[in-house]
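A structural walkthrough
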2 protein chains.
Amino acid sequence: MQLSNTSQYAIRTLTYMATHKEVQMNATQLSRVLDIPYKFLTKIMTDLVKVDLVESIRGREGGYLLKKQSREIALRDILTVFHDGIEQEQCILGIGVCSSLCKCALHDQWVAPKQQIQQMFEQTTLADIAGQGCKI
Amino acid sequence: MQLSNTSQYAIRTLTYMATHKEVQMNATQLSRVLDIPYKFLTKIMTDLVKVDLVESIRGREGGYLLKKQSREIALRDILTVFHDGIEQEQCILGIGVCSSLCKCALHDQWVAPKQQIQQMFEQTTLADIAGQGCKI
DNA sequence: TATTAATTCTACCTTTCAGTAGTAATTAGT
DNA sequence: ACTAATTACTACTGAAAGGTAGAATTAATA
Ligand code: SF4
Ligand code: SF4
């Protein structure tokens, strides 16, 4: 019950970029600052470029930039890229597809926490968390 | 962001046993009813026996029984067996160990949902969910 | 144009999770 | 004692996640 490494790395990287949006960062710098393996980070960033959350500038003096306002990027947008969100149809007990017609045993206990997490991922944007906390 | 297959299977199996606690079930029956691969199920059950959540009766006419009252078995107890709970020290962004002295950027948004899930797993027992829902 | 620094692509390796196979150990019934 | 039915143990296979390597592509600058 936790986020995948990939999602964690993606959130941390985009959050860091949001707190320094004036500066254009490249993969080497991000990898060093955030302590994420360089090759893994570039793979993740390429995925984020493909879904238009990040703009890449290739070649010398290249790097990455957020393609939207940090206020426009919600955590959920990042998680869906890596299929790591909590989807509405997803059954917590893994019994096929969720339908409120036929619930699983945990349904009644799960709906409230589920909704709260979903809302949190939906409503929290990079602008909300950029610069917060002391861990990077 | 979901429970592992193993945890899901374990919860479903123990819940089913709790709803039929008068009857002693064996692995073959459980495997058929719950549609869980037989060999995988016995492996999981063996783990649950080792931590004293389940009692096994070996040999002919053998099977499994809950070793405690279903009211005494919380979901958290099951999840911890497979290291699938949400631990207090676990950082949602994976930045080392959680300490409220040095937070991660998501801290403020995460604490509330985190606590609600933890409470749900802690307070929900097999007795609460046994027989609920129409999926097994 | 050549060099250099950057991203991107393809392919691979490693570890963990999920699942399977075979056999040994245990026990009730005959 | 023997057999049949059952769990436990050991070891393996397959798939997915996590991570790595190297070459290809792009573009600024000298
Ligand atoms: S918990 Fe209830 S709502 Fe969530 S998936 Fe299972 S059945 Fe559907
Ligand atoms: S979110 Fe806050 S509390 Fe949870 S781990 Fe990160 S820092 Fe610690």
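Below is a short write-up of the structure.

Reading the values: the criteria
- One numbering rule holds for all chains: residues counted from 1, following each sequence as written.
- Here chains are named by letter from A upward and ligands by number from 1 upward, in the order in which they appear as written.
- Whole-chain, interface and lining totals are the exception, using all residues; otherwise, since this is a predicted model, local features are given only for residues with pLDDT of at least 70 and side-chain atom pairs are given and counted only at 80 or more.
- Excluded from the side-chain calculations are hydrogens and water; all other atoms, namely the structure's heavy atoms, are used.
- Residues are classed as near a molecule or strand on a simple rule: at least one heavy atom within 4 Å of it.
- Gly falls in the polar group here, along with every residue not listed as nonpolar (Ala, Val, Leu, Ile, Met, Phe, Trp, Tyr, Cys, Pro) or charged (Asp, Glu, Lys, Arg).
- Superposition of the copies used a least-squares fit over C-alpha atoms from residues whose pLDDT is at least 70 in both.
- Whether two residues are in contact is decided by their heavy atoms: any pair within 4.5 Å suffices.
- Think of a polar contact as two N or O atoms within 3.5 Å of one another; within protein, one of them needs to be a possible hydrogen donor and the other a possible acceptor, and neighboring residues in sequence only count if both atoms come from side chains.
- Strands here mean DSSP runs of E at least two residues long; helices mean DSSP runs of H or I at least four residues long; both are numbered from the N terminus.
- A pair of aromatic rings is counted whenever rings of Phe, Tyr or Trp (Trp by its six-membered ring) have centres within 6.5 Å, and the orientation is called stacked for planes under 30 degrees apart, edge-to-face for over 60 and tilted otherwise.
- Here the term buried applies to any residue with accessible area under 20% of the maximum for its type, exposed to any over 50%, and partly exposed to those in between, with areas from a 1.4 Å probe on protein chains only.
- In this description, a disulfide is simply a cysteine sulfur pair whose atoms lie within 2.5 Å.

1. Describing the site of ligand 1
Residues in contact with ligand 1, as listed here, are Gln90(A), Cys91(A), Ile92(A), Cys98(A), Lys103(A), Cys104(A), His107(A), Trp110(A) and Lys114(A). Its residues placed into classes, the shell around ligand 1 shows five nonpolar, two polar and two charged.

2. Overview of the relation of the copies chain B and chain A
Once chain B has been moved 0.0 Å along the axis and rotated by 180°, it coincides with chain A to within an RMSD of 0.0 Å. In the structure described here, the two chain copies are related by an operation that fits a two-fold rotation axis. When each C-alpha of chain B is compared by its distance to the rotation axis, Met1(B) comes out closest, at 2.8 Å. A shared binding surface is used by both copies, with 100% of the interface residues of chain B retained as interface residues in chain A.

3. A look at the site of ligand 2
Residues in contact with ligand 2, as listed here, are Gln90(B), Cys91(B), Ile92(B), Cys98(B), Lys103(B), Cys104(B), His107(B), Trp110(B) and Lys114(B). In the shell around ligand 2, the residues fall into five nonpolar, two polar and two charged.

4. Considering the protein's contact with DNA strand D
Taken together, the neighbourhood of DNA strand D is formed by 27 residues, with Lys39(A), Lys43(A), Gly59(A), Ala27(B) and Ser56(B) sitting nearest. When atoms of DNA strand D within 4 Å of the protein are sorted by moiety, sugar and phosphate together comprise 62%. Side-chain polar atom of Arg58(A) to a base oxygen of DNA strand D: 3.1 Å apart, as the coordinates give it. Between DNA strand D and the protein, one listed contact pairs a sugar or linking oxygen with a side-chain N or O atom of Arg58(B) at 3.4 Å. For the surface near DNA strand D, the secondary structure elements donating two or more residues are helix 1 (5-19) and helix 3 (38-50) of chain A together with helix 3 (38-50), strand 1 (54-57) and strand 2 (63-66) of chain B. Examining the composition of the surface near DNA strand D, we find that six residues originate from one element, helix 3 of chain B, more than from any other. Among the residues making up the surface near DNA strand D, the classes are represented as eight nonpolar, nine polar and 10 charged.

5. Digging into the packing of aromatic side chains
Residues and elements named next belong to chain A. On inspection of all chains with the given rule, the structure shows two aromatic pairs over all chains. Each ring, one from Tyr 9 and one from Phe 40, has its centre 5.7 Å from the other, and the planes form 85°; the classification is edge-to-face. With Tyr 9 in helix 1 and Phe 40 in helix 3, the pair connects residues that are 31 residues apart, well separated along the chain. According to the relative accessible area criterion, Phe 40 is partly exposed, its value standing at 29%.

6. Some remarks on the state of the cysteines
As enumerated under the stated definition, the model contains two disulfides over all chains in all. Note on cysteine connectivity: Cys102(A) is disulfide-linked to Cys134(B), with sulfurs 1.8 Å apart. Here the residue Cys102(A) occupies a position in the loop between helix 4 (75-81) and helix 5 (107-123), and Cys134(B) occupies one in the segment after helix 6 (126-129), the pair thus bridging two chains.

Geometric descriptors of this kind do not, in isolation, establish any biological role.
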